[in-house]
Every structure is written in C-alpha cells, then in structure tokens.
Amino acid sequence: MRISDLIARIVTQRRAYVWLGVSAGAIVCLIIFVSRISLDSDVLNMLPDKFSSLQGLKIYDRAFEQTRELTFALHCQPDEVDKLEEFAPIFAEHLRKQPWAERVLAGSPMQTPDGIRDLQSIAVPLLLNLNPPAFEETISIVQPEKLRERFHRFREQIEAGSPRAQFELEFDPLGLIGPALKPFAESNRIEEEQPLASSDRTMRVFLVVTNQPSISAFECQRVMRQVNAFCAHARDGWEGGPLDVLVTGRSAYVAEISLSMRHDIIATVIGSVVLVGIIFFAGFGRWMPLLGMGFSLLLSCLAALALGLLIFGRLNMVTVGFCAILVGLGVDFAILIFGRYQQARTDSESHPQAISTAIQKLGRAVFFGALTTAVGFLALILSGSIGFSQLGVLIAIGILFAGLFMCTILFLFVREGQPPARHDWIFEAVKKYVAWSVRRPAPILILATVILSGLTVFGFSPKPPLPFDASTRSLQPKKSRAADALAAIMSNMPLRWEPVLVIVRAPDMQRLRDDWEKISAHWSELQVAGKIKTFSTPAALASSPRSIQHNRERLRAIDFQGVRRTLNETLDAEGFSSDSFSSAYKLLDDLQSVADPNAPLPNWRDKLPKSSSWWFLVDRYFAQDPLLTVGFVTSNEPIKTHAQYVALSRELPVPTVPMILSGWSYTLANLLPWAQRQLLIVTSAMAVFEGLLLAVLYRDWRLWAIQEITLIFGISAMLATMKLFNLPLNLLNVLAFRLVIAIGVDYGIYVLFAWQKARAIEHDIAGVVKPVLLAGLTALAGFGSLVLAKNPSLSSLGVACAIGIFWNLVATIFFTLPAAAAARPKAWREE
C-alpha cells in the first residue's frame, strides 16, 4: 500500500485514534511549555557569542554594580535654571526616601560633609596602600622639624585671612590624609567624565543604585513600576514651567524590552493569522479547512516551543517572531495540499482518493520544500548569535511539523460530504496565464529577463552603496523611553564619546595591583605619543599586600609618643588649642595600632560606609568580585570603523597582562567583518548547498539552471529594492539573505516538480501555480507582520525577508514558468 493511500485511510477511517494521538501530544507540549517557559531579554544575546569584545560586554553588564544603576535627569527651560538649582536638592531628597533606592549621587562627594568624613575614615588603609617611596615621603611629615614648620605656616596663613589654610587645618592637620586620598582624587573624574550638570545648567543628572536582587525581566518590571509611580509625582514642589523627568538604565531597558516581547508576540501572531486567513479564504472559500490549517499551525508552534525549551532552557526575545514566521511559511503546505485536493475533487475523485492524490502528487515536493526551508533556518546556527540560533532551530522544527501536519491533521477538518467548488476565479485567471506562458513563452520571458536583469545590475553595482547601520540604535526597541532619555541626556551633557572598556581579572590582589600599574605606565606612553586621548584605571585603588606590609614595618620605626609630644608643644607654641585637633591624635593612634604585627592587614573597602556616595566611584572600577576590574580609554575619535578597532587592539594590550577589550562602539566595529561575512560568504555557501540539492532533485541541467537564475534574480532584485528605498542593512538583518534563498527555492521546486510530472500541462501546472501564488502571499503576510514588532532587529529582518520573498515569487511566476516552457520540446507545451 502506498504511503499516500495509508494516510488517506487513517485520517478518514481512524479519525478517533488520530484525535486521541493529537490530544495526547498537545497536552505533553502544553505541560512542557507551562512548566519551563523562561524568556531572555538580553539584547547582547542577539549578537555572535564568539567575540571576546562581546564577552567583555556581558561580563561588564552582569558582574558590575552599574547593572542596578538608574540615571535620572531633570531638564528645564533656559530661563528657569535658577529654579532648577533650588529644586535639585529637593528632588535628590525625594529619591533617597524611595524604598527601591539604595544609594543616590546628586553631586561630587568631595563637596559634601558626609563625603569628606567618609574619606577620613579610610585614610589609614589608603595611606598604607601607597607605594613605599610615596609612603616614605608622606610619613616623613611627622618629623619634629616638619611638624613645627607646617603649623607655623598655618598660623601665618590664617592670620593673613586664607580660607584654604583654615580648611586644610581642619581636614588634614598632620598632612597625612591628603597624600593618602590622592588615589581617590586622581580617580574621581565624575565631574569631568560623567558630569552631573549640563554646561548651560538646564539639566541635572542623578545616579541611583536600586536594591533589586536581580536584573531579571520580572524584577526590572517591578522596580520600574515603582520608579514610574515616583516620576508621576516627582515634580511636586516645582514652581516653574515644563520640567522633563527622564529615566534610563539597564533596568529601564530590560523592563521595556520584556514588555515589548509580549506586544510582539500578540501583534505579530494576530497580524499574521488574520492576513493569512484572509488570503486562504479568498483562495478557497472554505472555513473548516481554514480552521484545520490554523489548528495545525498552532500545534506546530506548540511542539516547536516545547522542544525549544527542552533544548535551550531559555528563549531569547528575538524568537518571539518565530510564530508569525511559521504561520506565514507553514500555511504554504496547507495551500498546496488542499489546493491539489480540491482540484482532485473537482475532477470527480472521492474524498479518500482526493486525499491520496494530493499527497501522492505534492507530498514529495512538500517534504523537500520543508527540508530546504528547515536547512535554511538551521543555517542561522552559523551566525553565532544565541537569539538567532534559537530562532532558526525553532522555525526548522516547526516547519517540519507543519509539513507533516498539513498532510495529515488538516484533512480531519475537511468534510467528506462537502461538494467541490464549481467556480474558482483565481484558478481560472491563473489557468489563462499558464496557457499563455506555455504556448507563447517568449514575450513574457523576454520582458521578465530584461526587468530582472536590470535590477540585478543595479543591485550588485557598487554605486549607490547599500547603507549599513552599525549603530546601537538598530538593536534598541522602537519608541523606547529609556533610549529617548539617554539620547536627551547625551545631547545636553558635554560628554565625551564612549570609551573602550578594558577588563582585567587577577588571581590575587597583589597581582591585580601590579597588572594595573603596568597598564597605566603603558597607556601613559600612548597618551604622550598621541595615540589615545585620556584613560583612567583603578591602579591606585587596588590593594597591595606587599606595600601594606612594607609600610607597616616602616611605621614600627616611628616614635609615636615623641610625635605626640612634638605636636603638643607645637600647638601650644603657635597658639592653637589641643582640643580642636582630636582628629590628629586619633590618626596617630590608628597608625600606631596598625603598626602592631599582630593586627590584621587593613582594607579600605571594609572601612568605607556602605551608604557612602564614594561607592559610585568604586563600583565604576570594581565588580562585585574585587579581583575583577575595569579601566577606561578614550580614543582620539569616536570608534566607527574596523580600522580603528584594529589599531586600538594592537596598541592597548600589555603582553604580560591578560585583558579583554570591550565597549559598545568597540564591539560593533569588531562585528562589521562578521556582518559582511554573513552577507557574502555564508549566503554564498547556502546558495551552493541549495544548488547541489536542486541538482539531485531535478537531474536535468536545464531545470537546474532555470532555478539557479531565478534565485539570482530574486536576491538581486531584493538588493536593488533596499537600495531604492534606502533600507539599511544592520548586524542582524543580513541573515535575511540566506532565509530568502531557502524559502524562495521552494516556489521553484513546486512549479518545476509539477512540470516534470505533468501530462495535461495547463491544467496540472495551473493547479500548482495558484497555490504557489497564495503561498507566496501568505509568506509575505507572515514576514510582513513582523513590521508590527517593537524590536527593530526583528522588524528589519521581517522587512528584508518580505522584499526577498516578493521578488522570488515574481521571478518564479514570470521567469521560471515561461523559461521551463521554452526549455522543453514543443510537444510538451501542447495538450
């Protein structure tokens, strides 16, 4: 018994068993889906994972405290800057009272009493952490003659009215705290590199670290609901005109992206289903087969999702578009199979016979069509992108299931007693076109060849070039409030361009200190040579156990009792009250205490209060693991080209220090060759694979050549259209070309397979061209619905694929068919 007869017998005579099996499979898939569903909203997972610069971004994004940091900004009109200055402290105080705010930075810590007091509390550990020569020079200040000279100078300057001398006498009477805090002073570039006020004073920025336990999608949504509620009342107390309250940060992005995923799923699936349903009903005028098609596609999506969750565990946000794509592609099989079934019924075949005929005539074409499409999407694994690899695997699984279900489950919804359609205006129109193309192929073939050849020349010509968007905007959600806030802040603040991140991990603290000192020395040479603009490192903040131990031994040689006597005598001689210098005596006591060899080595990180604003500076350089650190290099120009990436990659590293160079601009410049390789090499490899497969399938060089030329025309017209409408390629929609090849080749397979087997040419070919036309329109609807997605990478992929499918459909109908007719002997064209 033929397989087609077996399937027809089972779906017509064993319907109950088929439904039982379908129900059991659906229940299992639902259980897997509900129990294991987990979505990944990390935009970095849409980029290829093999690049170290991208790995660096992931490390920086996940391990450093900045992941929980939100940036608030207040923006007023130019004539209300004084009111903004008055309102800023009120706003900062409101922020500090919020239950989700752990720390708030509203200005430089050096300008606040708390900030100065916090620095004084860590003076001793920082003093011991100085390099031995610097420590030796600093500690020499406590020599008797230097102490007398210092306080005598203070008295003269104070009598002369110097406020600076008065401040220094109160802050650092012994002169030991200033040198100890020099590392913080050198690293404190917040006002310079991350200014908290715009130059025209119309914008004030506030940094807030939230207390959220993780940056998961649901946790970020929870925090941002609280933040948005705060922003709704943040203007309370403002007495001026319009005041913009802006918020951006990782949590804001994750919340928006995760919420947009829900929108994308609903909008794209509903849009695709509605458009596909309209096309199917217009083509066949049947409701029950339409319902069966929808059920089969839903089951295919559910099965693919269940298997995808079992394979990957988590699904990236870009995979939300797979349902809409699968609907647009999977319906092709339903249209082909049901169209051939309906034609058999019109030819007076019984219901079981028509099912068998449809599967026999087109089952092989459906199988190879599903296979080539699945292979095309599986090729996304070669992209190296986790998100697009998942998308490819899910669609490949779904398309194979769709091909199977459309040859089986679909017929459960086709009623045996339903009479065949008597008048099909689409079929009649297609039949007339096929008759014309078969009998007189030359005119339409020449016209199509001229038009498509012109588009091919234009598409592959170097001028005008096809625009390429390598900016981060191509990866951000559409109409993102967080992105708009960041753009507004960057346009108003005198920020430098994004620096290169240099991530260094060491096995211990001493190795970390030594590595950063080597790096700082090397970068200083680069700066002097004019190869970089500026840099900042945590070298001076990294603890050095070797220096601390050496400096403790040096302290043991100091007579602290003698220092106290000299200090008492000097204060009395200069007319100062000893009671006003309790901080100086306490500092001497602390130094004498740490000189004890039995005392533990001091660590300034343990002494700095957790509520201190200085942690904003510390967290900028140090991850939650203090052995993982980052430095920053500002290039002479913004990084936009791969040549700049190569130059920085050559100059910045230190041979003996393991490091990862990263940063958004640096990474995107690194990815440019990858994107070009995806467009050229991988797409070409995909075309070669499809060519070999077609050679095996057709075993006729004429039909093989026609199919290959059709693919070239389709891709070329796609390029030409993107040039004409100035639609840019980006790092992700370059993957569309291989998908278009995999999908577009199916249309040729259906037509040319039918051509090889047809006897009544016009009748049989028209019975395939109509489903191919409808299938192309539904694929357009599936990919076109992705335009509704808020994720720009997904929507741009949909637009590119829709353009490519359109031109492949045009080339198949107006070139492949007449070319096949022209390539065959005349006897084949006559009925």
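Residues numbered from 1 in each chain as written. Predicted model: local features only at pLDDT ≥ 70, side-chain atom pairs only at ≥ 80, totals over all residues. Heavy atoms only, no water.

Turning our attention to the domain arrangement of the chain. Looking at the chain, the domain boundaries give domain 1 (1–36 + 294–342 + 351–411), domain 2 (113–193 + 545–610) and domain 3 (434–477 + 673–831). Averaged C-alpha coordinates put domain 1 and domain 2 at centres separated by 75 Å. (Domains from an automatic or database assignment.)

Next up on the list: the sheet that holds strand β10 (residues 628–634). The 4 strands are arranged β9-β10-β8-β11 in an open sheet whose pairing can be described as antiparallel. Looking along the sheet, the strands with just one partner apiece sit at the ends: β9 (534–536) and β11 (660–662). In this sheet, neighbouring strand axes are inclined to one another by 20° on average, regardless of whether the strands run parallel or antiparallel. Two strands pair when backbone bridges link them, and strand β8 (residues 500–505) and β11 are joined in this way by 3 bridges, in the antiparallel orientation. (Pairing = 2+ DSSP bridges. Helix = DSSP H or I, 4+ residues; strand = E, 2+ residues; numbered from the N terminus. Axes fitted to C-alpha atoms, helices over the stretch in contact; angles between N-to-C directions.)

What follows is about the pattern of salt bridges. Applying the stated criterion across every chain, the model contains 20 salt bridges. The residue R103 makes a salt bridge to E102 at a minimum N-O spacing of 3.5 Å. R103 gets classed as buried once you look at its relative accessible area, which sits at 7%. Salt bridges linked by common partners bring R68, E102, R103 and D619 together as one network. (Salt bridge = Lys/Arg side-chain N within 4 Å of Asp/Glu carboxyl O. Buried < 20%, exposed > 50% of the residue type's maximum accessible area, 1.4 Å probe, protein only.)

A few words on a positive patch on the surface. On the surface, a cluster of positive charge is contributed by K361, R364, R699, K757 and R759. Relative to the helices and strands, K757 resides in helix α31 (residues 736–757). (Patch = residues over 30% accessible without salt bridge, like charges linked within 9 Å, V, L, I, M, F, W, Y side chains within 5 Å. Areas by Shrake-Rupley, 256 points an atom, 1.4 Å probe, with all protein chains shown as cover. Lys, Arg positive; Asp, Glu negative; His and termini not counted. Charge placed at Lys NZ, Arg CZ, Asp CG, Glu CD.)

Another point: the pairing of strand β5 (residues 244–249). In terms of burial, β5 is a largely internal element, 5 of the 6 residues being buried. Where strand β2 (residues 69–75) meets β5, 6 bridges bridge the pair, whose relative direction is antiparallel. Residue pairing in the sheet places L70 in a bridge with G249 of β5.

Strand order in this open sheet of 4 strands is β3-β4-β2-β5, and the pairing throughout is antiparallel. Of all strands in the sheet, those with a lone pairing partner are β3 (101–105) and β5, marking the two edges. Here the strands of the sheet are splayed against their neighbours by 25° on average, with no regard to which way each runs. Taken strand by strand, helix α4 (residues 81–96) contacts β2, β3, β4 (203–210) and β5, and its axis lies near 10° from that of β4. Each of β2, β4 and β5 is contacted by helix α21 (residues 481–492), which is oriented at about 110° to β5, the strand it contacts most. (Contact = heavy atoms within 4.5 Å.)

With that out of the way, let us pick up the packing of α31 against helix α33 (residues 792–823). Between α31 and α33, whose axes approach to 9 Å, the crossing angle comes to 25°. By the angle between their axes, α31 is roughly parallel relative to α33. Every pair of crossing elements has a handedness; the one defined by α31 and α33 is right-handed. Side by side, α31 and α33 meet where A736, L739, V740, I743, G744, Y747, G748, V751, L752 and W755 of the first sit next to L797, A800, C801, G804, I805, N808, L809, T812, T816, L817, A820 and A821 of the second. (Parallel < 35°, antiparallel > 145°, perpendicular 65-115°, else oblique. Left-handed = near helix turned anticlockwise from the far one by under 90°.)

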